[in-house]
Amino acid sequence: MIHLKYFFRNVYIASILGVAVILYILKDLQLIFGYTPQLLLFLVVIAFAAWCGGLLAGLFTTLVSAVASIYFLFEPYNFLAVASLGGLLHVALLVSVGAICSLIISLLYKQQQRALHTVMEREEQLKQEIAERNKTRAERDLYVFLAKSSTEFIGMCDTEGVPFFINDAGLRLVGLDSLEQGLDIPIREFFFPEDQAFMMDEFFPAVIQNGRGEIEIRFRHFKTGEAFWMICNVFVLKDLNENLAGLATVSTNITERKKTEEALRQSQINLNRAQAVAHIGSWRMDVGNNILDWSDENYRIFGISKGTSLTYQLFLEIIHPDDRALVDKAWKDALTGKPYDIEHRLIVGQEIKWVREQAELEFDEHGSLTGGFGTTKDITDIKRSQEALQHERMFLRQVIDAAPSMIFVKDRESRFILGNEALARCYGTNPENLIGKSEQIFNTDADEVARIQRDDLEVISSRTPKRIPEEKVTCRDGIVHWYSTVKIPLLEDDNSCNKLLGVASDITERKRAEEALRLADRRKDEFLAMLAHELRNPLAPIRNAVQLLKMREDEDPKLVWSRNVIDRQVTHMARLLDDLLDVARIMQGKITLKSERFELTDIVNNAIETSRPLIESRGQELIVSQTTTPQWIEGDRVRLEQVLSNLLNNAAKYTSEGGTITLSVMRDNSDAVIKIQDTGIGIAPDILPQIFDLFTQADHSLAHSQGGLGIGLTLVRQLVEIHGGTVTAASAGVGQGSSFTVRLPALTMKSTDTESTQTQSMLPIPKFRILVVDDYLDAAESLTMLLQAEGHEVETADCGLKAIEQAQSFRPQVVLLDIGLPDLDGYEVAKRLRALPETRDTVLIALTGYGQTEDRERSELAGFNHHLLKPVNFEKLSALLTAS
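Residues numbered from 1 in each chain as written. Predicted model: local features only at pLDDT ≥ 70, side-chain atom pairs only at ≥ 80, totals over all residues. Heavy atoms only, no water.

### Describing the overall build of the chain
Looking only at helices and strands, one finds 25 helices and 27 strands in the chain. Sequence-distant contacts, at least 24 apart, represent 58% of the contacts inside the chain between residues at least 6 apart. (Helix = DSSP H or I, 4+ residues; strand = E, 2+ residues; numbered from the N terminus. Contact = heavy atoms within 4.5 Å.)

The following block contains the structure:
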């Protein structure tokens with residue numbers, strides 16, 4: 001439009017200029033137009049204007065020409081022909097002709113312009129087509145170049161699925177070496193076998209229908225056969241008639257992305273598994289995008305189906321009603337920037353769960369919440385374990401507090417880490433107040449504390465348990481208690497030790513009981529000693545009287561029988577007293593052996609002589625079988641004689657009159673063996689295992705009761721065992737007799753190494769001045785009569801002071817001194833006699849009913865030469881006097 005405007009403006013200006021030029025020519029040449037042809041000069045301009053500018057321009061030029069012609073009507077040109085009436089007609093004619101000419105010329109011009117415009121349009125259209133074709137060719141060349149140089153897979157195929165273009169990158173991706181090779185392969189084969197049917201039957205038809213499509217699919221590498229992932233953008237190709245010509249694709253290799261996605265997926269699976277194993281869920285909040293993501297485990301913990309709309313109200317509804325206010329406050333505090341770390345309960349279905357929630361919220365510079373991350377840990381099992389542990393601790397606490405023993409744990413500095421009620425009661429405090437403190441805070445006895453701490457350090461340092469059978473502990477109230485303590489080191493994982501466990505049992509009552517038992521035992525010993533003394537005292541004058549009767553040459557059978565019965569019974573009673581005291585001493589470990597080497601035959605013969613009166617009195621036959629080779633043993637001669645005589649007496653008591661007793665002595669390897677058999681009542685099988693037990697008798701029936709205390713065999717076993725030997729019993733049953741076998745360690749010695757002490761022929765007894773000191777009148781008088789009958793000079797005293805006084809004047813060579821005197825005891829009297837010059841060398845013989853080991857030791861310390869028990873064997877006393 002702008003160009004047309006300028007064009008018409010230029011046409012008008014040219015018309016005006018053309019008319020002016022005509023006027024100038026007419027004026028300067030002074031041509032006289034007396035007729036109209038001169039006006040035709042204006043038609044030239046009109047024609048030009050109409051041709052160039054169209055009808056309006058022609059009309060405009062015609063009007064201008066008419067006005068210019070009128071110019072000549074005025075001076076100085078009015079003389080022209082146009083000044084006449086005819087001239088006006090010519091002007092009118094000029095206008096008419098100009099108008100018609102303008103119309104005709106403009107119509108011709110328009111037609112010519114139309115034709116020219118049509119030609120020019122076609123020419124322009126041809127130029128555009130040529131340009132479009134050139135552009136299309138260039139674009140095609142560019143597309144081909146871009147396709148060939150692209151790293152993506154670009155391919156095209158026809159409607160039959162046969163490719164007609166694959167770029168170089170596509171060929172490389174699928175493992176083809178040339179385009180020709182690729183064009184021979186149907187498009188179906190480019191996909192992984194498992195995906196071919198889907199692509200051909202479902203995906204490509206959908207693309208044809210929709211015009212384009214996109215999919216992630218596996219391609220096949222033709223050389224390796226391996227699959228790789230591609231994202232395919234597929235679109236249809238159409239010809240110029242918009243008909244389907246084929247399909248094209250631009251595909252990108254996304255194998256690495258797929259691997260990454262698979263790794264991320266596997267990582268997410270592993271994370272979900274880890275969260276499931278650890279019972280830890282997680283969540284992420286993005287406030288700006290209004291996103292709240294929960295992990296699978298978080299959904300599981302809260303018991304919410306995945307995909308449920310998550311709201312704060314839903315969250316609160318799941319929380320246990322008793323915990324909601326606490327959780328709500330904690331979350332609101334977290335929104336102000338405070339830490340969010342809280343444990344609370346959830347109600348999921350019918351189950352109550354415990355969870356621990358932690359969160360870190362994110363804020364912008366203005367303090368507005370932008371997001372956050374949090375975890376939810378299911379601690380139900382932990383809580384249950386804690387509750388169980390707490391219950392167990394309470395139970396153990398109740399147990400150790402209920403225990404009467406003191407139970408404690410200490411560290412290396414002897415500070416209490418744990419202590420029970422018993423320990424707290426001992427130290428006058430409570431268990432909580434013990435923690436971190438040591439003994440010296442509660443125990444004022446520094447020596448006790450030092451000893452206890454030394455034991456603690458020893459156990460910890462050596463890492464070895466220690467048992468302290470008895471230890472004294474002073475309690476808070478000052479009362480001393482006795483404890484039996486065990487201390488055990490508590491080892492760490494690295495085998496180091498910094499703590500110990502102690503258990504101390506209060507044995508105060510036991511100590512008191514033991515002390516009471518010791519006191520009772522001492523009193524028992526004193527009682528037995530007193531009993532023996534009191535029983536021996538009346539036996540002494542009886543035996544002395546029997547001995548006096550033996551000195552008479554009275555052959556009255558009844559008198560002889562009576563005398564022998566009294567003698568046997570006194571001997572039996574004395575033996576019972578000896579056994580009773582001996583077994584008591586042995587059981588207490590108070591017996592002392594006087595070991596010597598001797599031939600076994602010696603004690604066998606002595607035992608036979610001791611038991612012979614009983615055997616002969618029952619009319620029994622004693623068969624003795626001994627080896628000809630001497631057997632030597634080491635031991636206490638008196639005690640081993642006591643063993644054999646007890647076994648012989650036992651055989652005689654439980655064998656009927658006229659029975660047989662066999663004593664055999666033999667050698668079995670390194671043992672000397674003595675076997676005593678009888679034809680007596682035998683031993684029942686149920687009694688045999690207990691036959692050597694204290695107070696056990698083979699037969700309790702009245703018909704076979706032979707008296708005794710049931711301690712003889714116990715004494716035998718104890719004496720044999722302390723000699724390193726053994727004794728066994730055997731019997732075929734009741735009425736089948738019995739046998740006892742003693743085994744003693746034998747010595748390997750020649751007969752010349754030592755000689756057995758043989759009984760020498762009796763020598764005449766020298767006559768002595770003898771002082772008998774005894775407050776028991778019958779015993780003193782009967783012994784005096786016996787001694788005087790032997791020709792000794794005898795005086796008596798009934799108390800210690802008299803004995804000392806008489807000794808200074810009588811100057812006795814031998815003093816037979818009773819221990820239990822009414823004023824001074826025999827020990828004190830002996831000491832004073834030893835201090836007197838008159839009796840310094842006198843033979844002092846204790847003649848007493850006290851026969852325990854300590855009694856003999858005391859008599860020796862007091863200065864006695866010998867210690868004899870009542871009732872004294874007068875023959876033994878005579879031998880002793882002879883030896884003195």
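### Comments concerning the packing of aromatic side chains
Applying the stated rule across the entire model yields 16 aromatic pairs. Note on phenylalanine 203 and phenylalanine 204: the rings are 5.9 Å apart at their centroids and 50° apart in plane angle, and the pair reads as tilted. We note that phenylalanine 203, like phenylalanine 204, is buried. Arranged with centres 5.0 Å apart and planes meeting at 40°, the rings of tryptophan 294 and phenylalanine 302 form a pair that is tilted. Residue phenylalanine 302 is classed as buried on the basis of its relative accessible area of 2%. Looking at lysine 383, its charged tip hangs above the ring of tryptophan 354, at a distance of 4.5 Å from the centre. Lysine 511 extends its terminal NZ or CZ atom over the ring of tryptophan 482, reaching a point 4.5 Å from the ring centre. (Phe/Tyr/Trp six-rings, centres within 6.5 Å; stacked < 30°, edge-to-face > 60°. Buried < 20%, exposed > 50% of the residue type's maximum accessible area, 1.4 Å probe, protein only. Lys NZ or Arg CZ within 6 Å of the ring centre and 35° of its normal.)

### Things to note about the layout of surface pockets
Empty space among the atoms can be located by rolling a probe the size of a water molecule over them. For the second largest pocket, the calculated volume is near 420 Å³. If you go around the second largest pocket, you meet 23 residues; those closest to its centre are Met285, Leu292, Trp294, Tyr312 and Trp331. For the lining of the second largest pocket, the secondary-structure elements that each account for two or more residues are strand E6 (280-286), strand E7 (291-294), helix H9 (296-302), helix H10 (312-318), strand E9 (351-363) and strand E10 (369-378). Classifying every residue of the lining of the second largest pocket by side-chain character gives 15 nonpolar, six polar and two charged. (1 Å grid on protein atoms, 1.4 Å probe; cavity = no way out; pocket = protein on both sides within 12 Å on 5 of 7 lines; lining within 4 Å. Points joined across faces, edges and corners; volume = space filled by probe spheres on them. Nonpolar A, V, L, I, M, F, W, Y, C, P; charged D, E, K, R; others polar.)

### Considering empty space enclosed by the protein
Under the definition given, this model contains five cavities of 30 Å³ or more. Among the secondary structure elements, those contributing two or more residues to the lining of the largest cavity are strand E1 (153-158), helix H7 (193-210), strand E4 (227-238) and strand E5 (244-253). The element best represented in the lining of the largest cavity is E1, accounting for four residues.

### Some points on the sheet that holds strand E24 (residues 793-797)
Neighbouring strands of a sheet are bound in pairs by backbone hydrogen bonds; such pairs are parallel or else antiparallel. Strand order in the open sheet made by the five strands is E24-E23-E25-E26-E27, with parallel pairing throughout. Strands with a single pairing partner mark the edges of an open sheet, and in this sheet they are E24 and strand E27 (866-869). The average undirected angle you get between the axes of adjacent strands in this sheet is 20°. Note that strand E25 (residues 814-817) and strand E26 (residues 843-848) share four bridges and pair parallel. For valine 815, the partnering residue across the bridge sits in E26 and is leucine 844. Against the sheet, helix H25 (residues 874-883) makes contact with strand E23 (769-773), E25, E26 and E27, and its axis sits at roughly 170° relative to E27, the strand it touches most. (Pairing = 2+ DSSP bridges. Axes fitted to C-alpha atoms, helices over the stretch in contact; angles between N-to-C directions.)

### Considerations on unusual backbone geometry
Cis geometry marks the peptide bond from lysine 870 to proline 871; its omega dihedral reads -10°. Mapping proline 871 onto the fold places it in the loop between E27 and H25. Positive phi outside glycine occurs at asparagine 495, with the angle close to 70°. With respect to the helices, strands and loops of the structure, asparagine 495 is situated in the loop between strand E14 (480-491) and strand E15 (497-506). Exposure remark for asparagine 495: the relative accessible area of 40% places this residue in the partly exposed category.

### A look at the pattern of salt bridges
Overall, the coordinates contain 47 salt bridges when judged by the stated rule. Among the ionic pairs, aspartate 401 bridges to arginine 397, the shortest N-O distance being 3.0 Å. Residue aspartate 401 and its partner arginine 397 are located together in helix H12 (residues 380-402), separated by four residues, close to a single helical turn. According to the relative accessible area criterion, aspartate 401 is buried, its value standing at 19%. We classify arginine 397 as partly exposed; its relative accessible area is 28%. One salt bridge connects lysine 410 with glutamate 439, and the closest N-O pair in it is separated by 2.6 Å. Taken as a pair, lysine 410 in strand E11 (residues 406-411) and glutamate 439 in the loop between helix H14 (431-434) and helix H15 (446-462) lie far apart in primary sequence, 29 residues in all. An identical accessibility class is assigned to lysine 410 and glutamate 439; each is buried. In this structure, a network of salt bridges that share partners links the residues Glu216, Arg257, Lys258 and Glu261. (Salt bridge = Lys/Arg side-chain N within 4 Å of Asp/Glu carboxyl O.)

### Notes on the packing of helix H19 (residues 637-653) against helix H20 (residues 712-722)
The contact between H19 and H20 brings their axes to 9 Å, and the two run at 145°. Crossing of H19 against H20: the hand is left-handed. Here Arg639, Gln642, Val643, Asn646, Leu647 and Asn650 of H19 lie close against H20, whose contacting residues are Gly712, Leu713, Leu715, Val716, Leu719 and Val720. In terms of residue class, the contact of H19 with H20 is made up of seven nonpolar, four polar and one charged. (Left-handed = near helix turned anticlockwise from the far one by under 90°.)

### Description of the pairing of strand E19 (residues 660-668)
Relative to E19, strand E17 (residues 621-625) runs parallel, the two being bridged by five bridges. Across the sheet, the residue bridging to isoleucine 623 is threonine 662, located in E19. Bridge count between E19 and strand E20 (residues 671-678): eight bridges; the pairing is antiparallel. Each bridged residue has a counterpart across the sheet, and for serine 664 the counterpart in E20 is lysine 675. Linking E19 back to E20 in an antiparallel pair, the connection comprises two residues, with asparagine 669 at a positive phi of about 55°.

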